[in-house]
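As a plain string of letters, each chain reads:
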Amino acid sequence: QRQLEESGGGLVQPGGSLRLSCAASGFTLEHYAIAWFRQAPGKERKGVSCISNSGGNTWYEESVKGRFTISRDDAKSTVYLEMNSLKPEDTADYYCAAGPGPSVCPIGVDYWGKGILVTVSS
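Residues numbered from 1 in each chain as written. Predicted model: local features only at pLDDT ≥ 70, side-chain atom pairs only at ≥ 80, totals over all residues. Heavy atoms only, no water.

> Explain the pairing of strand S9 (residues 92–100) to me, using residue names and the numbers behind them.
With seven of its nine residues buried, S9 lies for the most part within the structure. Relative to S9, strand S4 (residues 32–39) is paired through eight bridges, and the arrangement is antiparallel. For Arg-38, the partnering residue across the bridge sits in S9 and is Tyr-94. Sheet analysis places S9 next to strand S11 (residues 116–120), joined by three bridges and oriented antiparallel. By the bridge assignment for S11, Asp-93 is matched with Leu-117. (Buried < 20%, exposed > 50% of the residue type's maximum accessible area, 1.4 Å probe, protein only. Helix = DSSP H or I, 4+ residues; strand = E, 2+ residues; numbered from the N terminus. Pairing = 2+ DSSP bridges.)

Laid out in structure tokens, this is it:
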């Protein structure tokens, strides 16, 4: 069946880096816009970053701009979120989602990953 799965999360110290991956199985991502969301403890889910189906356009939530980079490798049906200069407030469950383009962010969501935990703590 068609699924998305996140990987690469874990525990990191403040100022450190992690790279999250979102891999598709059962389908390819080449025609989908992709979004990353996160949900911190006790808070609502919020969009973090998006990438268009072509990879030519990206969007970042203001608090991560300049620190996070989204990219895609359609040959591997995988989207990445490189997270640098991590802060404790980045601690959250991170989710990827795929949906129709051609907007930079998905118009709707066809597929969700199950989420992966990122903890930034000393």
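> Tell me what's going on with the packing of aromatic side chains, and back it up with residues and numbers.
Counting across every chain of the model gives four aromatic pairs. Ring geometry for Phe-37 against Trp-112: centres 5.0 Å apart, planes inclined by 45°, an arrangement best described as tilted. Within this pair, whereas Phe-37 is found in strand S4, its partner Trp-112 is found in strand S10 (residues 111–112), the two being separated by 75 residues in sequence. One aromatic cluster is present, formed by Phe-27, Tyr-32 and Tyr-111 through successive ring pairs. Across the ring face of Phe-37, the terminal group of Arg-45 is positioned such that the distance to the ring centre comes to 5.5 Å. (Phe/Tyr/Trp six-rings, centres within 6.5 Å; stacked < 30°, edge-to-face > 60°. Lys NZ or Arg CZ within 6 Å of the ring centre and 35° of its normal.)

> Can you tell me about the sheet that holds strand S7 (residues 68–73), naming the residues and giving the values?
Read from one edge of the open sheet, four strands run S1-S3-S8-S7, paired in antiparallel fashion. Strand pairing shows two members of the sheet lacking a second neighbour, strand S1 (3–7) and S7, which therefore form its edges. Neighbour-to-neighbour, the strand axes of the sheet open up by a mean angle of 15°, direction not taken into account. Bridge analysis of S7 against strand S8 (residues 78–83) gives six bridges, and the strand direction is antiparallel. Within the sheet, the bridge partner assigned to Phe-68 lies in S8 and is Met-83. (Axes fitted to C-alpha atoms, helices over the stretch in contact; angles between N-to-C directions.)

> So what about the pairing of S7? Which residues, and what values?
The side-chain alternation of S7 yields one buried face, formed by Phe-68, Ile-70 and Arg-72, and one unburied face, formed by Thr-69, Ser-71 and Asp-73. A loop of four residues connects S7 with S8, the two strands running antiparallel in sequence, and Ser-77 in this loop sits at a positive phi of about 50°.

> Describe the side chain of Thr-78, naming the residues involved and giving the relevant values.
The topology assignment puts Thr-78 in strand S8. Its relative accessible area of 10% is what places Thr-78 among the buried residues. For Thr-78, the side chain forms a polar contact with the main-chain oxygen of Lys-76, separated by 2.9 Å. Ignoring sequence-local partners within four residues, the contact set of Thr-78 consists of Ser-21, Cys-22, Ala-23, Leu-29, Arg-72 and Asp-73. (Polar contact = N/O pair within 3.5 Å; in protein donor to acceptor, adjacent residues only side chain to side chain. Contact = heavy atoms within 4.5 Å.)

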